[in-house]
Amino acid sequence: MKRLRVIEIKTSHLANEQLSGSYSSVFRGQGLSFREVRAYNPGDDVRWIDWNVSARMNEAFVKVFTEEREMTVMLVVDASESELFGTRRASKAVVAAEICALCAFSAIRNNDRVGLVLATDRVEKIVPPKKGDKHVMRVVREILGHEPESAGTNLRVALETLSKVQKRRSVAFVVSDFFDHGYERALALAASKHDVIPVVIEDPRDAELPDVGLATFEDLETGEQVLVDTSDRKVRERYAAEMRKMRRDRDKLFKKLAVDTVTIRTDQSYVEPLRQLFAKRARRARR
């Protein structure tokens, strides 16, 4: 509860002071709703003429629409055991909770709804979208305090669930280290229906092994252990090369699907990468 309270104070302040304007300018409503009809004025788009009303009134009337500001933000969060890894400021799981809290508070400040899909290699929790500070704190509490029933990762299941439970278009932040494969088609289908934003969480030790001599490494998801001689330069280089390839393949997929993405490290601030993401989207929207 103490950790939850710290996250609430920190991210609520950030949402109000630093990201509120960026959020509202980047994530707009998902459509137009009819408001009224009024008399036609020169320059009005003739496509919006209401011919039924115009025929009854013997003069031209046009339909007036307003933007549907309210939208839904879905947080699709990887709760697998690999998210417990973290060698600097915090684990990936804690960073994920903070990112989700910031996105959620930004959403409700704009009267949007927030929902949650929490998954390992199965869907472990679904929180339907709602509004309000109390609901945001419930979502963050679910992420921060969740004890996974399974250790593995299956992003395909999480993404397919998003497409099933959320029928209307939403903004979906997919928060994970993306140490998985076989999710490509599910991501493509989700991105065709929703505004999907992969949020990749990385730890500095994901990219390279430290030179600490003989060390036992354990796969947090399978429990498998292996003894590695980290003093061997070729071993470290091979590991770094494999991780670079994984990152290239992942980034190539995101680019192919034309989805915006942001990478956040456990040893750095998550506010600036999110601000840069919003700024990039805002520049594109103005073109």
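Residues numbered from 1 in each chain as written. Predicted model: local features only at pLDDT ≥ 70, side-chain atom pairs only at ≥ 80, totals over all residues. Heavy atoms only, no water.

1. Details of the sheet that holds strand β4 (residues 113-119)
At step 1: Ordered in space as β5-β4-β3-β6-β7-β10, the six strands form an open sheet in which the pairing is mixed. One side of each edge strand has no neighbouring strand; the edge strands of this open sheet are β5 (123-130) and β10 (262-265). Across this sheet, the average inter-strand angle for adjacent strands is 15°, counted without regard to direction.
At step 2: As paired elements, strand β3 (residues 72-78) and β4 share seven bridges and run parallel to each other. Bridged to Val 73 within β4 is Val 114.
At step 3: Where helix α4 (residues 133-145) meets the sheet, it contacts β3, β4 and β5, and its direction lies at approximately 170° from that of β5.
At step 4: Helix α5 (residues 155-165) rests against β3, β4, β5 and β6 (171-176) of the sheet, and its axis sits at about 30° to β5. (Pairing = 2+ DSSP bridges. Helix = DSSP H or I, 4+ residues; strand = E, 2+ residues; numbered from the N terminus. Axes fitted to C-alpha atoms, helices over the stretch in contact; angles between N-to-C directions. Contact = heavy atoms within 4.5 Å.)

2. Description of the nonpolar core
At step 1: By size, the foremost hydrophobic cluster in this structure holds 41 residues, and its most contacted members are Leu 75, Ile 99, Leu 116, Ile 143, Phe 173 and Ile 264.
At step 2: Residue contributions to this core peak at 13 residues, all from helix α3 (residues 92-109).
At step 3: Ignoring sequence-local partners within four residues, the contact set of Ile 264 consists of Val 95, Ile 99, Val 199, Val 200, Ile 201, Glu 202, Tyr 270, Pro 273 and Leu 274. (Core = buried A, V, L, I, M, F, W, Y, C linked by side-chain atoms within 4.5 Å. Buried < 20%, exposed > 50% of the residue type's maximum accessible area, 1.4 Å probe, protein only.)

3. Some details on α5
At step 1: Inspection of α5 places Leu 155, Val 157, Ala 158, Leu 159, Thr 161, Leu 162 and Ser 163 among the buried residues, and these make up the whole buried set.
At step 2: Those residues of α5 that are buried lie in contact with β3, β4, β5, β6 and α6 (184-193).
At step 3: For α5, the N-terminal cap is Asn 154; the gap from its side-chain oxygen to the backbone nitrogen of Arg 156 is 3.2 Å. (Polar contact = N/O pair within 3.5 Å; in protein donor to acceptor, adjacent residues only side chain to side chain.)

4. Some details on the pattern of salt bridges
At step 1: Here the structure, examined in full by the defined rule, presents 19 salt bridges.
At step 2: In this structure, Asp 249 and Lys 245 form a salt bridge, with 2.9 Å as the shortest nitrogen-oxygen distance. Here Asp 249 pairs with Lys 245, and both are found in helix α8 (residues 233-257), just four residues apart, close to one helical turn.
At step 3: Residue classification places Lys 245 among the partly exposed positions, given a relative accessible area of 41%.
At step 4: Members of the salt-bridge network, linked through shared partners, are Glu 202, Arg 247, Arg 250 and Asp 251. (Salt bridge = Lys/Arg side-chain N within 4 Å of Asp/Glu carboxyl O.)

5. Thoughts on the packing of aromatic side chains
At step 1: A complete count under the given rule lists two aromatic pairs for this structure.
At step 2: Here Phe 178 and Phe 254 contribute two aromatic rings whose centre-to-centre distance is 5.5 Å and whose plane-to-plane angle is 80°, an arrangement assigned as edge-to-face. Separated by 76 residues along the polypeptide, Phe 178 in the loop between β6 and α6 and Phe 254 in helix α8 bring together distant segments of the chain.
At step 3: Phe 178 gets classed as buried once you look at its relative accessible area, which sits at 3%.
At step 4: Chaining the aromatic ring pairs together yields one cluster made of Phe 178, Tyr 183 and Phe 254. (Phe/Tyr/Trp six-rings, centres within 6.5 Å; stacked < 30°, edge-to-face > 60°.)

6. Concerning unusual backbone geometry
At step 1: Positive phi outside glycine occurs at Asn 58, with the angle close to 60°.
At step 2: Note on placement: Asn 58 falls in the loop between α2 (51-57) and β2 (61-67).
At step 3: A relative accessible area of 71% means that Asn 58 is categorised as exposed.
At step 4: Backbone geometry at Phe 178 places phi at a positive 60°, although glycine is not the residue there.

7. Quick notes on the pairing of strand β7 (residues 195-202)
Consecutive side chains of a regular strand alternate in pointing toward one face of the sheet and then the other.
At step 1: Counting buried positions along β7 gives eight out of eight residues, so the element sits mostly inside the fold.
At step 2: Here β7 shows a buried face lined by Asp 195, Ile 197, Val 199 and Ile 201 and a second buried face lined by Val 196, Pro 198, Val 200 and Glu 202.
At step 3: Inspection of the sheet shows β6 paired to β7 by six bridges, in the parallel sense. By the bridge assignment for β7, Phe 173 is matched with Ile 197.
At step 4: Between the parallel pair β6 and β7, the chain is carried across by α6, and the sense of this crossover is right-handed. (Right-handed = clockwise from strand over helix to strand, strands pointing away.)

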